[in-house]
Amino acid sequence: MRYRSQSVAYWYFALALILFGLQLVFGLLSAAKYLGPDPLLSILPFDVTKTIHTNLLIVWVLTGFMGGTYWIVADESRTELYSVKLAYIQLILWGLMGVTAVIGYLFGYGTGNKLLEQPLPHKIVIVICMLIFLYNIGMTIKKSGRFTTTEGVLLLGLGSSALLYLPALLHYQNYVVSIYYRWWTIHLWVEGVWEMIQASFLAYLLIRLSGADREVMEKWLYVIVGLVFIAGILGTAHHYYWVGVPGYWLPLGGFFSALEPLALLGMAMYAYFAIRRTGIRHPNMLALHWTIGSALFTLFGAGLLGLAHTFPDINKWTHGTLITAMHGHGAFYGAYAMIVMAVIVYAMPSITAGRNDEGSSIGYWAFWLQMSGMFGMVLSFATAGIGQVYLERVMGIGYLDVQLKIQVHFLMLIAAASLFATGVGLFIYDFFRFPPKFDVREGPPRHELRDTRLANEQTG
């Protein structure tokens, strides 16, 4: 690493991976409950395990975003972070909020608002943490006097995420109104402003890993911002089938929500052809696997699987079924989990001692096992969901009777999830098996000097 303060990212990554592992534990528990009998029914019922599983997803991804941002902003701004002390205070508050929230869910202490179950005191702590975070990042950029487009889009995405959390602080007596405004936070996060964060992470990594031209990459960022504001906002309406809004929102929501990943695919394709054209090779090919994989799996999970069931004539049958789980798992993993792990893998040789730049065989096993496992999980949810929709929604068979008929697909799901969990376990082990280091490497790394020289020779 170039700057000592970048080492703060290690502790954010460490917390994120611990929470990721815990999320998988509760996800496997939730899936196993579909097979029955459930010996933990009176201790950990399904509604509790699912609540913890989904909320840990949000928390660990945001933790990874924070760590990745602290790493990237220091590197892009070419300066130390404004305040390492503030970064650690924020991390401690954030960790305490997450731990106490999970403990509260075990005892039924929550709001019941899906993905936003945090009680009001926890939500206030989240707001405080976000304010500390944005202040620290903003002052770092201001101090440096250098402001890149990558930083601008990243800051816009993070600031918008904080702003869009405000509707979650309000309480609505009417459940329909509550669900309506919930999508202002959840959808505009995961299918809106979080895509700006993913795009800026992608641009940063592709510039450094592929030798792609910064100017071209940052032009793609403008395209992504435009798509977020057009497709992301209008795409919110694909959630509106059941909440009584005017009918014209439905086709608009279904169409625009499928357009969001196209610019990300374009960025990945450009980077791939840049590698083929220039022959530039960054030694950390494992990080390039995660980076390109994120863009491609986003197209698959968020784009194709989203398109498969967001149009109104289909969504009226699939809404709230396992088809939704199919899309949700593929989209979240490709867009956000993979890009966080890409930044972690890129930073690991600098923030841990004794690690090769090229990555390890364990790292590659972790990558392919996760990819294979998630693909199997998506297919399992898809086949189970198709059977569920037909039997339950078309033929009118009762919910519990249908669950008995599709149990074989949950056996497939558990098998694929176990494969995926093995990959995640290997990733976590690969991260923690080397101790952290805090020494500073003067100047840009050798491979970046080499890439710059090669680029100059080819353009000169």
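Because the structure is predicted, anything quoted here is derived from the model rather than measured.

(A) Broad picture of the overall build of the protein chain. What the protein chain contains, in helices and strands, is 16 helices and zero strands. Taking 23 Å as the expected radius of gyration for a compact globule of 460 residues, we find that the protein chain reaches 22 Å, a close match to that expectation. The principal-axis extent of the C-alpha atoms belonging to the protein chain is close to 70 × 45 × 45 Å. Here the protein chain holds 460 residues, and the buried ones make up 56% of them. For the protein chain, the proportion of contacts with a sequence separation of at least 24, taken over those separated by at least 6, is 84%. As displayed, the protein chain offers around 19,200 Å² of accessible surface, 70% of which is attributable to carbon and sulfur atoms. Of the side-chain charges in the protein chain, 28 are positive and 24 negative, and the distance between the mean point of each set is 3 Å.

(B) Representation of helix α4 (residues 120-144) within the structure. Between its first and last C-alpha atoms α4 spans 36 Å; for 25 residues at 1.5 Å apiece the expected length is 36 Å, and the two agree. Every buried residue of α4 is accounted for by His-122, Lys-123, Ile-126, Cys-129, Met-130, Ile-132, Phe-133, Asn-136, Ile-137, Thr-140 and Ile-141. Once α4 ends, the next one or two residues include Gly-145, with phi positive near 75°.

(C) Examining the packing of aromatic side chains more closely. Following the criterion strictly, the structure yields 31 aromatic pairs and no others. Between Tyr-12 and Tyr-70 the ring centres are 5.5 Å apart and the planes differ by 55°, which places this aromatic pair in the tilted class. With Tyr-12 in helix α1 (residues 8-32) and Tyr-70 in helix α2 (residues 46-77), this residue pair connects regions lying 58 residues apart in the sequence. Exposure class is identical for Tyr-12 and Tyr-70. Each is buried. Ring geometry for Trp-194 and Phe-332: centres 6.3 Å apart, planes at 85°, overall edge-to-face. Linking Trp-194 in helix α6 (residues 175-210) with Phe-332 in helix α12 (residues 322-351), this pair joins segments that are 138 residues apart in sequence.

(D) Region of the structure containing the pattern of salt bridges. For the structure shown, the criterion picks out nine salt bridges. Close ionic contact of Asp-75 with Arg-208 constitutes a salt bridge, the shortest N to O distance being 3.2 Å. Here Asp-75 is found in helix α2, whereas its partner Arg-208 is found in helix α6, with 133 residues between them in sequence. Comparing Asp-75 with Arg-208, the two get one shared label, buried. Three or more residues are tied together by salt bridges with common partners; here these are Arg-2, Asp-75, Glu-76, Arg-208, Arg-214 and Glu-218.

(E) Just the side chain of Ser-161, in detail. Structurally, Ser-161 can be placed in helix α5 (residues 149-164). Those residues within four positions of Ser-161 in sequence are excluded, and the remaining contacts are Trp-189, Val-193, Trp-194 and Ile-197.

Rules and cut-offs
- Residues numbered from 1 in each chain as written.
- Predicted model: local features only at pLDDT ≥ 70, side-chain atom pairs only at ≥ 80, totals over all residues.
- Heavy atoms only, no water.
- Helix = DSSP H or I, 4+ residues; strand = E, 2+ residues; numbered from the N terminus.
- Rg over C-alpha atoms; globule rule 2.2 N^0.38 Å.
- Buried < 20%, exposed > 50% of the residue type's maximum accessible area, 1.4 Å probe, protein only.
- Contact = heavy atoms within 4.5 Å.
- Areas by Shrake-Rupley, 256 points an atom, 1.4 Å probe, with all protein chains shown as cover.
- Lys, Arg positive; Asp, Glu negative; His and termini not counted.
- Charge placed at Lys NZ, Arg CZ, Asp CG, Glu CD.
- Expected span 1.5 Å × (residues − 1).
- Phe/Tyr/Trp six-rings, centres within 6.5 Å; stacked < 30°, edge-to-face > 60°.
- Salt bridge = Lys/Arg side-chain N within 4 Å of Asp/Glu carboxyl O.

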